[in-house]
Structure formats: structure tokens, C-alpha cells
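# Architecture at a glance
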Amino acid sequence: MRDAYHEELDAIGDSLVEMARLVGSALGRATTALLDADLALAESVIAADVKVNELHHELENRAIDLLARQQPVATDLRIVVTSLRMSSDLERCGDLARHVAKVARMRYPDTAVPRDLHSTVLEMGQLAQRLVAKAGLVIATKDVDKALEMEQDDDAIDTLHRELLSHLIDERWHHGIETAVDITLVGRYYERFADHAVSVAKRVVYLVTGEHVAEFVAATEAAEAVEAGAAE
């Protein structure tokens with residue numbers, strides 16, 4: 001019975017890794033659809049979000065079933081509850097990828113992104129995709145150090161987001177209000193996607209250590225200070 005129980009816990013982790021893979025792929029394809037005005041690709045991203053939602057619901061049902069049948073405590077309870085929250089973050093990533101694809105579909109046969117902003121949007125998409133791939137790796141490996149790196153990784157997305165918005169208030173902007181709205185939305189979708197990926201990594205830190213990131217970092221720094229003082 002205990003072996004079956006732990007297999008179910010492992011299956012929850014596997015589902016989270018698969019969700020991370022799917023939403024990363026979705027965002028990459030949505031970015032291509034957006035920049036290339038590829039209607040078929042945009043439609044495929046929108047349709048494929050159903051699979052992410054199904055995984056999210058399956059994981060929820062499995063977790064609730066485990067809570068009801070096994071009444072886990074301590075670390076196991078933390079795994080189940082934290083996994084539910086990570087699943088919600090990843091489901092939201094899927095929604096945001098779908099939103100990017102919907103912008104591409106709405107502006108077809110034109111592209112929603114002016115040529116002079118293509119490189120910035122492409123880089124935002126690539127960085128966000130790498131972030132969620134790293135989040136998937138963190139889930140699989142429970143690597144706290146990699147999880148802690150992700151907040152710094154996210155700074156690059158925030159910088160690009162500010163750069164994107166700066167174009168909209170530049171007096172040389174000549175692409176019109178409709179395009180400005182599209183760029184504002186798209187930039188926000190990428191920025192929020194990255195935030196949810198970072199949130200997943202933070203939840204892994206809590207899952208492994210039992211402490212939230214700020215608490216864990218403070219405790220680690222205090223311990224290092226004590227060790228440094230003792231060495232002196």
C-alpha cells in the first residue's frame with residue numbers, strides 16, 4: 001500500500017513536469033505564430049491548451065483523492081498541497097501562451113508586432129520558454145540552488161518588458177493605438193508567464209525545505225555568517 005501511495009506522489013510530480021513541457025512548447029509556438037502571422041500555428045496552440053487543462057484537472061483529482069484516502073502529514077502533505085499550487089501556476093502559463101496565440105489570430109493576415117520590435121518580443125518569448133523549462137527541471141530534480149537562481153533569471157524578462165513599453169511612449173512611435181494595445185498585452189503575457197514559472201520554482205524551495213524563499217535565504221545567510229565568524 002505504501003509503495004502504491006508513493007507511486008501516486010511520484011505520478012503527481014511527473015504530471016507537473018509534463019505540464020511545464022507542454023506550456024513551454026505552447027509559448028514557443030505562440031511566439032512564432034505571433035511574429036510570422038501563422039494562423040494555423042496559432043490555432044494549434046489555442047486548441048492544444050485543452051491538454052494542459054486536462055492534466056491540471058487530473059492532478060487536482062489525484063491530489064484530492066490522496067488527501068482523502070491517505071491523510072498525508074508532514075513532508076507528504078507539503079508535497080500534495082504545494083503540487084496543487086504549482087499545477088495552478090502552470091495551468092495559468094498555458095492560458096497566457098493561448099492569449100499570445102489569440103493576438104496572432106486576431107491580427108491575421110497581418111502581424112501584431114512591428115518589424116522593429118520583433119527581436120525584443122522574440123527574446124522575451126525565448127527567455128520565458130527557458131524559464132519554464134528550468135522550472136520543469138527544478139520540479140524533477142528538487143534542486144533548490146537552481147530554483148533560487150530563477151528570480152535573477154526573471155530580471156532579464158522584466159528588463160525587456162520595460163524596453164518594450166518604452167517604445168510605446170516614445171514620441172517616434174508611429175504604429176498607431178491598436179498596435180500599441182497589442183504590444184502592451186503581449187508584453188504583459190510574457191512577463192506574467194515568467195512570473196508564474198518563478199513561482200513554481202519558489203514552491204519547490206518550500207516543498208524541499210519547509211521554508212518560504214525569504215525565510216530559507218535569511219536562515220542560510222545567518223548560518224553562513226555564524227560559520228564565517230567562527231572561522232575568524
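Described in the following lines is the structure provided in the data block. (Residues numbered from 1 in each chain as written. Predicted model: local features only at pLDDT ≥ 70, side-chain atom pairs only at ≥ 80, totals over all residues. Heavy atoms only, no water.)

## Let's talk about helix 5 (residues 144–168)
Taking 1.5 Å of rise per residue, 25 residues should cover 36 Å, and helix 5 covers 38 Å from first to last C-alpha, within 8% of that figure. Regarding helix 5, the residues found buried are V144, A147, M150, D154, I157, L160, H161, L164 and L168. (Helix = DSSP H or I, 4+ residues; strand = E, 2+ residues; numbered from the N terminus. Expected span 1.5 Å × (residues − 1). Buried < 20%, exposed > 50% of the residue type's maximum accessible area, 1.4 Å probe, protein only.)

## Section: the layout of surface pockets
Reported here for the largest pocket is a volume of approximately 210 Å³. Forming the boundary of the largest pocket are 16 residues, of which L9, D10, G13, I79 and K142 lie nearest the centre. Among the elements of the structure, helix 1 (2–36), helix 3 (74–107), helix 4 (118–141) and helix 6 (176–209) are those that each provide at least two residues to the lining of the largest pocket. Per element, the largest residue contribution to the lining of the largest pocket is seven residues, and it comes from helix 1. Of the residues belonging to the lining of the largest pocket, the class tally is nine nonpolar, three polar and four charged. (1 Å grid on protein atoms, 1.4 Å probe; cavity = no way out; pocket = protein on both sides within 12 Å on 5 of 7 lines; lining within 4 Å. Points joined across faces, edges and corners; volume = space filled by probe spheres on them. Nonpolar A, V, L, I, M, F, W, Y, C, P; charged D, E, K, R; others polar.)

## Quick word on helix 2 (residues 39–70)
Taking 1.5 Å of rise per residue, the 32 residues of helix 2 would be expected to cover 46 Å, and the 47 Å separating its terminal C-alpha atoms lies within 8% of that figure. Within the span of helix 2, buried status applies to L41, A42, V45, I46, D49, V52, L55, H56, L59, A63 and L66. The opening residue of helix 2, the one whose side-chain oxygen lies 3.3 Å from the backbone nitrogen of A40, is D38. Following helix 2 by one or two positions, Q71 has its phi on the positive side, about 45°. (Polar contact = N/O pair within 3.5 Å; in protein donor to acceptor, adjacent residues only side chain to side chain.)

## A look at a nonpolar patch on the surface
On the surface, a cluster of nonpolar side chains totalling about 280 Å² of accessible area is made up of I177, V181 and L185. Within the secondary structure, I177 is located in helix 6. The class for I177 is exposed, based on a relative accessible area of 70%. (Patch = residues over 30% accessible without salt bridge, like charges linked within 9 Å, V, L, I, M, F, W, Y side chains within 5 Å. Areas by Shrake-Rupley, 256 points an atom, 1.4 Å probe, with all protein chains shown as cover. Salt bridge = Lys/Arg side-chain N within 4 Å of Asp/Glu carboxyl O.)

## Considering the packing of aromatic side chains
Both the distance between ring centres and the angle between the ring planes are used here to describe each pair of aromatic rings. All told, the structure shown has zero aromatic pairs when counted by the stated rule. The ring of Y206 carries R78 above its face, with NZ or CZ at 5.9 Å from the centroid. (Phe/Tyr/Trp six-rings, centres within 6.5 Å; stacked < 30°, edge-to-face > 60°. Lys NZ or Arg CZ within 6 Å of the ring centre and 35° of its normal.)

## Structural notes on unusual backbone geometry
Along the chain, Y108 connects to P109 via a cis peptide bond; the corresponding omega equals 10°. Take P109: it is sitting in the loop between helix 3 and helix 4. With a phi angle near 50°, A37 is a residue other than glycine that sits in the positive phi range. For Q71, which is not glycine, the phi dihedral falls at a positive 45°. Mapped onto the fold, Q71 is located in the loop between helix 2 and helix 3.

## A short note on the nonpolar core
Core analysis: the largest hydrophobic core is formed by 69 residues, its most contacted members being L34, L90, V121, M150, Y190 and F193. Of all the elements in the fold, those that place two or more residues in this core are helix 1, helix 2, helix 3, helix 4, helix 5, helix 6 and helix 7 (213–231). Apart from residues no more than four positions distant in its own chain, L34 is found in contact with V100, V103, A104, T111, A112, V113, V121, V186 and Y190. (Core = buried A, V, L, I, M, F, W, Y, C linked by side-chain atoms within 4.5 Å. Contact = heavy atoms within 4.5 Å.)

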